[in-house]
Amino acid sequence: MEIQWYPGHMTKARRMMQENKKLVDLIIELVDARAPLSSRNPDIDELGKGKARVILLNKADLASSRYNDEWAVWFQKKGLFAVKLDSRSRANMKEIQAAIQEACKEKTERDRKRGILNRPVRAMVVGIPNVGKSTFINSFAGRACAKTGNKPGVTKGAQWIRLNRQVELLDTPGILWPKFDDPQVGTRLAMLGSVNDHILNTEELAAELATFLRAYYPGALEERYGISISGELESEQILPLIARARGYRVKGAEDDCTRAASALLDDFRSGSLGRITLEFPK
């Protein structure tokens, strides 16, 4: 699939982030633990030059536990602080606070030598659409202070949020980049829900997801939908099986594969198919 999505507001958001870069000590980048590389905007590396960095592997509860651990180690070997996270829970907040303080240790020491004490760390929270930035901020703050929604594009502008005496966060809109050089990146982002569903061929996307699940998570489709998938079955034949198992019909008899595709994508995104990681560290 050839997927590209870069609406005009993302150019404005990127410019705003570039302008605000000088105000922050730290870049906190949220990635989707199910596709940690595909969900990293390459522009963030340029934006984050000269700044301390923390990577949050969000939605880790939806990704394979084994690969969560492997990805955390992978990022740490790159010199980045990495924390596994379910942004809806406050379970990892102490670990994140510790990572922020450790990442900014040199800055804090410089402040101390200059007689500046107890100045809060100012961090910019960045990431692609629908990766959970605002949900993370609300959990970290312990209150609703950032708009959230289970679709890309909820956060439209930047907003400063004072968490406590140690940390201030700048929430920013989710941004992609103008062109996905690797078509698989666009496909993975579409599967995750980081690309607007209205521009997608959901049947084609769901068929690709079914192909991946069949290869790397055998049994996941059979268990969820109560279907039997033989070795000779083509991947595009899986959606009609799901439609029949769920009773999805159009015109009384024809399989409603569009509805089956939406169900498959929704089940993957919600974790109903199990904990699934789409790409693996090399």
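Bear in mind the structure is a predicted one, so any value in this text is a computation, not a measurement.

About the thresholds
- Residues numbered from 1 in each chain as written.
- Predicted model: local features only at pLDDT ≥ 70, side-chain atom pairs only at ≥ 80, totals over all residues.
- Heavy atoms only, no water.
- Buried < 20%, exposed > 50% of the residue type's maximum accessible area, 1.4 Å probe, protein only.
- Helix = DSSP H or I, 4+ residues; strand = E, 2+ residues; numbered from the N terminus.
- Pairing = 2+ DSSP bridges.
- Salt bridge = Lys/Arg side-chain N within 4 Å of Asp/Glu carboxyl O.
- Polar contact = N/O pair within 3.5 Å; in protein donor to acceptor, adjacent residues only side chain to side chain.
- Contact = heavy atoms within 4.5 Å.
- Phe/Tyr/Trp six-rings, centres within 6.5 Å; stacked < 30°, edge-to-face > 60°.
- Lys NZ or Arg CZ within 6 Å of the ring centre and 35° of its normal.

## Examining the pairing of strand E6 (residues 167-171)
Right, on to step 1. With 5 of 5 residues buried, E6 is to be regarded as a mostly interior element.
Right, on to step 2. Taking every second residue as pointing to the same face, both faces of E6 are buried, with Val167, Leu169 and Asp171 on one and Glu168 and Leu170 on the other.
Right, on to step 3. Taken together, the 5 bridges between strand E4 (residues 121-126) and E6 define a ladder with parallel strand orientation. Pairing of valine 121 across the sheet is with valine 167, part of E6.
Right, on to step 4. Looking at chain direction, strand E5 (residues 159-162) and E6 are connected through 4 bridges and run antiparallel. Counterpart to isoleucine 161 in the pairing with E6 is leucine 169.

## A word on the pattern of salt bridges
Right, on to step 1. On inspection of all chains with the given rule, the structure shows 23 salt bridges.
Right, on to step 2. Note that glutamate 168 and arginine 122 form a salt bridge whose closest N and O atoms lie 2.9 Å from each other. Here glutamate 168, found in strand E6, pairs with arginine 122, found in strand E4; they are 46 residues apart in sequence, far enough to count as distant.
Right, on to step 3. The network of salt bridges with common partners includes Asp25, Lys107, Asp111, Arg114 and Arg119.

## Some remarks on unusual backbone geometry
Right, on to step 1. At lysine 59, a position not held by glycine, the phi torsion is positive, near 60 degrees.
Right, on to step 2. Structurally, the position occupied by lysine 59 is in the loop between strand E2 (52-58) and helix H3 (65-77).

## A word on the side chain of asparagine 130
Right, on to step 1. Locating asparagine 130 in the fold gives a position in the loop between E4 and helix H6 (133-141).
Right, on to step 2. Reaching out from asparagine 130, the side chain makes a polar contact with the backbone oxygen of glycine 193 at a distance of 3.2 Å.

## What about the side chain of glutamate 29?
Right, on to step 1. Tracing the sequence through the fold places glutamate 29 in strand E1 (residues 26-32).
Right, on to step 2. Side chain to side chain, glutamate 29 and arginine 53 meet in a polar contact 3.1 Å long.
Right, on to step 3. When residues no more than four places from it in sequence are discounted, the contact partners of glutamate 29 are Arg40, Asn41, Ile44, Arg53, Val54, Ile55, Leu56 and Val126.

## Overview of the packing of aromatic side chains
Right, on to step 1. Inspection of the entire model under this criterion finds 9 aromatic pairs.
Right, on to step 2. When the ring of tryptophan 74 is compared with that of phenylalanine 75, the centres are 5.0 Å apart and the planes differ by 90 degrees; the resulting orientation is edge-to-face.
Right, on to step 3. Taken together, the aromatic side chains of Tyr67, Phe212, Tyr216, Tyr217 and Phe280 make up a single cluster linked through ring pairs.
Right, on to step 4. It is arginine 34 that lies over the ring of phenylalanine 268; its NZ or CZ is 5.2 Å from the centre.
Right, on to step 5. It is arginine 122 that lies over the ring of tryptophan 160; its NZ or CZ is 3.9 Å from the centre.

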